[in-house]
Amino acid sequence: MKFVYVDESGDSSQSDVFVMAGLLIDSHRLRKKTADFDLLLNALFEKHPGSPKELKTKSFINGRGGWNRIPPDERKQFLRSVCELATEKGDKIYGLAMSLSKFREKKSELPFNTTYWIMSGMFIASSIQKRMQTISRKKGITAMVVDDNKAEMPNLSEHLYKPHQWFDGLYQVKTAKRGKTVWTPRKEENRFEHIINTGFAVKSEHSSLVQVADAFCWVYRRAIELESEDEAYDGEKGFYLELKELLENNRINLGACVSCDVLEWYKSVKCDSWKL
């Protein structure tokens, strides 16, 4: 069994870039991975008593909300350590970087009314389903653990419980039929059969792994923003590009899909530099 810890960064009041991403970990390594991150975070909190007791990366790295007592270089090194620990031993990242202005333009093309938050979550679920359905003996069954969003979590759970057929094309598989390899349509009974059919919400302060997901969501978001924005300080672009490249080594792309409306829709709303 697998667990994917998911968070997001960005909204229309802050940026055109919205990133949702998750770190997928096998159940047999979950306790060790959690302990490693707990140790890393607790060491930071103990070294700097009086600092906030929850890592919100945007505030942390920019020295806001009580984090300004930690020197900038130490904050940068800590964020680098989080990204290095997240990607060691082959743990994988699934995610999507979406342009919110493109989403607003393309929302009317969806076959149902929804939000960019739900569409990002369903892309992650589809990407995980696509990869995990190839693992034998149902060892790829995955639970999504998401930073608590009281407005959206019930809707995400509903989409996982009763998935819309529109998403099918993202995770169809190829099978042999009459000597040819063809894409096999999904059926109602096997849609998202490798994703536990409800999302699990957790407060980020209760999970170091959700706080880690917040960290690399911010890294991706800021790296993409800096493709068109000026640096806030000398070397900022290079710093985030380095971290983004580190994360990209472990991010799983969607891969080959049948030609379908859902794939074209996601291509139309993703950030320009983001590879599905």
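Okay, so let's go over this structure. (Residues numbered from 1 in each chain as written. Predicted model: local features only at pLDDT ≥ 70, side-chain atom pairs only at ≥ 80, totals over all residues. Heavy atoms only, no water.)

1. Re the overall build of the protein
Of regular secondary structure, the protein possesses 9 helices and 7 strands. Relative to the 2.2 N^0.38 estimate, which gives 19 Å for 276 residues, the radius of gyration of the protein is 19 Å and therefore close to what a compact globule would have. Considering only C-alpha atoms, the protein reaches an extent of 65 × 40 × 35 Å along its principal axes. Scored against the burial criterion, the 276 residues of the protein give a buried share of 53%. Once local pairs closer than 6 in sequence are excluded, the contacts in the protein between residues at least 24 apart make up 73%. Charged side chains in the protein number 43 positive and 39 negative. The centres of these two groups are separated by 7 Å. (Helix = DSSP H or I, 4+ residues; strand = E, 2+ residues; numbered from the N terminus. Rg over C-alpha atoms; globule rule 2.2 N^0.38 Å. Buried < 20%, exposed > 50% of the residue type's maximum accessible area, 1.4 Å probe, protein only. Contact = heavy atoms within 4.5 Å. Lys, Arg positive; Asp, Glu negative; His and termini not counted. Charge placed at Lys NZ, Arg CZ, Asp CG, Glu CD.)

2. Comments concerning the pairing of strand 1 (residues 2-9)
Along strand 1, 7 of the 8 residues are buried, which leaves the element largely enclosed by surrounding structure. Across 8 bridges, strand 1 lies against strand 2 (residues 17-26) in antiparallel orientation. Note on strand 2: the bridge partner recorded for glutamate 8 is methionine 20. In this structure, strand 1 lies alongside strand 4 (residues 142-147), joined through 5 bridges in parallel fashion. Opposite lysine 2, over in strand 4, you have threonine 142 as the bridge partner. (Pairing = 2+ DSSP bridges.)

That's the geometry; what it means functionally is another story.
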